[in-house]
Amino acid sequence: MKKLLGELTFKLSGWSYEVDPSVLEKKQVIIGFEHTSMMDAVLSLAIFQIYDIKIHTLIKKELFKGPMKPILEKIGGIPVDRKSNKDIVSQMVEHFQNNDEFNLVIAPEATRAERGQARKPIRTGFWHIAKAAGVPIVLMYANSKTKQGGIFGKIYPTDLDQDLAEIKRLYKEHTGLDIVIPEQKNT
């Protein structure tokens, strides 16, 4: 039923998707570009339904109140306390260590530009989480110009600057999306 609902979402939206299931593992950080609207999140959830992938995502703890709490928990939300003594990377590493299967989905900040402004370089917390947890970074995309989305590749984190350059190259080559990355620090 979930698979049918996911496929119907794509059909009704006029989008298509392509997923290379061989890149998926039991534990991974899944990043998604380009985040241009809430429709990207809906389509991502549809792909996860089609492939029966249980996901988790970081949500600020203040939203886990009242009737929102069970909804956010049901969709895999993890409350994040930004004021905690424990940094977010350490919190996520614990989740990876304590679960046989764990898929953390992150749309890195700065993937959307506000009202025509130029996009800023992406934030790199996803890389630090994947590196510390010893899991791959799986590449997901939503291209609003072509109305195509999917999951197409992965990298195993080793060196921040090299990995970001490789992520940029892969997105450009496979999806046509140009990801803005921070300037290299090792130059």
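Throughout what follows, the structure given in this document is the object of discussion. (Residues numbered from 1 in each chain as written. Predicted model: local features only at pLDDT ≥ 70, side-chain atom pairs only at ≥ 80, totals over all residues. Heavy atoms only, no water.)

1. As for the side chain of Thr124
Structurally, the position occupied by Thr124 is in the loop between β5 (102–106) and α5 (125–133). Note on Thr124: relative accessible area 15%, which makes it buried. When neighbours within four sequence positions are excluded, Thr124 is seen to be in contact with Leu160, Leu164 and Pro182. (Helix = DSSP H or I, 4+ residues; strand = E, 2+ residues; numbered from the N terminus. Buried < 20%, exposed > 50% of the residue type's maximum accessible area, 1.4 Å probe, protein only. Contact = heavy atoms within 4.5 Å.)

2. Details of the nonpolar core
In terms of nonpolar packing, the biggest core is built from 27 residues, with Val29, Ile31, Leu104, Phe126 and Tyr171 touching the most fellow members. Contributions of two or more residues to this core are made by β2 (27–33), α4 (88–97), β5, α5, β6 (137–143), β7 (148–155) and α6 (160–175). It is α6 that contributes the most residues to this core, 5 residues altogether. Not counting residues up to four positions away in its chain, the partners in contact with Val29 are Phe96, Leu104, Ile106, Phe126, Ile129, Ala130, Val135, Pro136, Ile137 and Val138. Residues Phe10, Val23, Leu43 and Ala46 belong to the second largest nonpolar core, which totals 17 residues. (Core = buried A, V, L, I, M, F, W, Y, C linked by side-chain atoms within 4.5 Å.)

3. Things to note about a nonpolar patch on the surface
Residues Leu5, Leu8 and Leu12 make up a contiguous nonpolar surface patch of about 340 Å² in total accessible area. Tracing the backbone through its elements, the reader meets Leu5 in helix α1 (residues 2–13). (Patch = residues over 30% accessible without salt bridge, like charges linked within 9 Å, V, L, I, M, F, W, Y side chains within 5 Å. Areas by Shrake-Rupley, 256 points an atom, 1.4 Å probe, with all protein chains shown as cover. Salt bridge = Lys/Arg side-chain N within 4 Å of Asp/Glu carboxyl O.)

4. Brief notes about the pairing of β5
Burial runs high along β5: 5 of the 5 residues are buried. Two elements, β2 and β5, share 5 bridges in a ladder whose sense is parallel. When the sheet's bridge partners are listed, Lys27 is paired in β5 with Phe102. (Pairing = 2+ DSSP bridges.)

5. Comments concerning the layout of surface pockets
Over the atoms, a rolled probe matching the size of one water molecule traces out where space is still vacant. Estimated volume of the second largest pocket: approximately 350 Å³. Lining the second largest pocket we find Lys2, Leu45, Phe48, Gln49, Asp52, Ile53, Lys54, Ile55, Lys74, Ile75 and Gly76. No other element matches helix α2 (residues 38–50), which puts 3 residues into the lining of the second largest pocket. Here the residues of the lining of the second largest pocket are counted per class, giving 5 nonpolar, 2 polar and 4 charged. (1 Å grid on protein atoms, 1.4 Å probe; cavity = no way out; pocket = protein on both sides within 12 Å on 5 of 7 lines; lining within 4 Å. Points joined across faces, edges and corners; volume = space filled by probe spheres on them. Nonpolar A, V, L, I, M, F, W, Y, C, P; charged D, E, K, R; others polar.)

6. Points about the sheet that holds β7
Ordered by their spatial adjacency, 5 strands build an open sheet running β1-β7-β6-β2-β5, and the pairing between neighbours is mixed. Edge positions in the sheet fall to β1 (16–19) and β5, since each of these pairs with one other strand and no more. Geometrically, the sheet is characterised by an average inter-axis angle of 20° between neighbouring strands, direction not taken into account. (Axes fitted to C-alpha atoms, helices over the stretch in contact; angles between N-to-C directions.)

7. Topic: the pattern of salt bridges
All chains considered together, the criterion is met by 5 salt bridges. Between Lys154 and Glu25 there is a salt bridge, with the nearest N and O atoms lying 2.6 Å from each other. Taken as a pair, Lys154 in strand β7 and Glu25 in the loop between β1 and β2 lie far apart in primary sequence, 129 residues in all. Under the relative-accessibility criterion, Glu25 is labelled partly exposed at 30%. We note a salt bridge from Lys168 to Asp178, for which the minimum N-O separation is 2.6 Å. Linking Lys168 in helix α6 with Asp178 in the segment after α6, this pair joins segments that are 10 residues apart in sequence. Overall, Lys168 belongs to the partly exposed group, its relative accessible area being 27%. Here the salt bridges share partners, and the residues they tie into one network are Glu166, Arg169 and Glu173.

8. Examining α5
All buried positions along α5 are accounted for by Phe126, Trp127, Ile129 and Ala130. What you see down the axis of α5 is that its buried residues fit within an arc of 165°, all on one side. Contacts made by the buried residues of α5 are with β2, α4, β5, β6 and α6. (Arc of directions from axis to C-beta.)

9. What about the packing of α1 against α2?
Relative to each other, α1 and α2 sit at 145°, their axes nearing to 7 Å. As for the relative orientation of α1 and α2, their crossing is left-handed in sense. Mapping the contact onto sequence places Lys2, Lys3, Gly6, Glu7, Thr9, Phe10 and Ser13 in α1 and Met39, Val42, Leu43, Ala46, Ile47, Gln49 and Ile50 in α2. Split by residue class, the contact of α1 with α2 holds 7 nonpolar, 4 polar and 3 charged. (Left-handed = near helix turned anticlockwise from the far one by under 90°.)

Purely geometric numbers; function is a separate question.
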